[in-house]
Structures are given as C-alpha cells and as structure tokens.
Amino acid sequence: MASKKIDFEKSLKELSEIVERLESGECTLDESIALFEKGMQISKECSQTLQDARQKIIMLTDIEGMTENNG
C-alpha cells in the first residue's frame, strides 16, 4: 500500500473549510455528498498520520528506555 505523505496542518485546514461549507447549508445535495466524501478521506488520512506519529513516539520512547536501563 503506497500512501502519499500529507501535510497534516494543511489537511486539517481543508477539513475545517469543508465542514464550514457543509454547515452553511448553501451547497446542493450533490455538492454536499462530494464534500462529505472528500472530508471523510481527509479525516482518514489525518487519522493515519496521527497513528503513525503515535507509533513512532512509542518506538522512540522504548528505545530511550532501553538505553537508560542498559547504560
């Protein structure tokens, strides 16, 4: 699975803009559905980025703990 690296902050901003547009009630049904789908995809990508960051932090803190216990 090849996933592209996303700019997390940019994605959050875009997601916020999508929510604002949807909440405005000014979109047609088709536009709303398309925006919702795009928002769900961005949300999924951001979730994966956060999960990857959590895993990296866990790995780094485990490594740090091992070096402190051995040294």
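Everything below is about the structure printed above this text.
Described below are features of the structure shown in this document. Keep in mind the model is a prediction, meaning the values are calculated, not measured. (Residues numbered from 1 in each chain as written. Predicted model: local features only at pLDDT ≥ 70, side-chain atom pairs only at ≥ 80, totals over all residues. Heavy atoms only, no water.)

Under the defined criterion, the tally for this structure stands at 2 salt bridges. With its nearest N and O atoms 2.8 Å apart, the salt bridge here joins E14 to K38. With E14 in helix α1 (residues 8-24) and K38 in helix α2 (residues 29-70), the pair connects residues that are 24 residues apart, well separated along the chain. Judged by relative accessible area, E14 falls into the partly exposed class, the value being 27%. Residue K38 is classed as partly exposed on the basis of its relative accessible area, which comes to 43%. (Salt bridge = Lys/Arg side-chain N within 4 Å of Asp/Glu carboxyl O. Helix = DSSP H or I, 4+ residues; strand = E, 2+ residues; numbered from the N terminus. Buried < 20%, exposed > 50% of the residue type's maximum accessible area, 1.4 Å probe, protein only.)

With that settled, the discussion passes to the environment of S47. Residue position: S47 is located in helix α2. Put simply, S47 and L22 are 25 residues apart on the chain and 21 Å apart in space, counted from C-alpha to C-alpha.

The residue S11 is located in helix α1 in this model. Judged by relative accessible area, S11 falls into the buried class, the value being 9%. When near neighbours in sequence (up to four residues on either side) are disregarded, S11 contacts I6, I42 and C46. (Contact = heavy atoms within 4.5 Å.)

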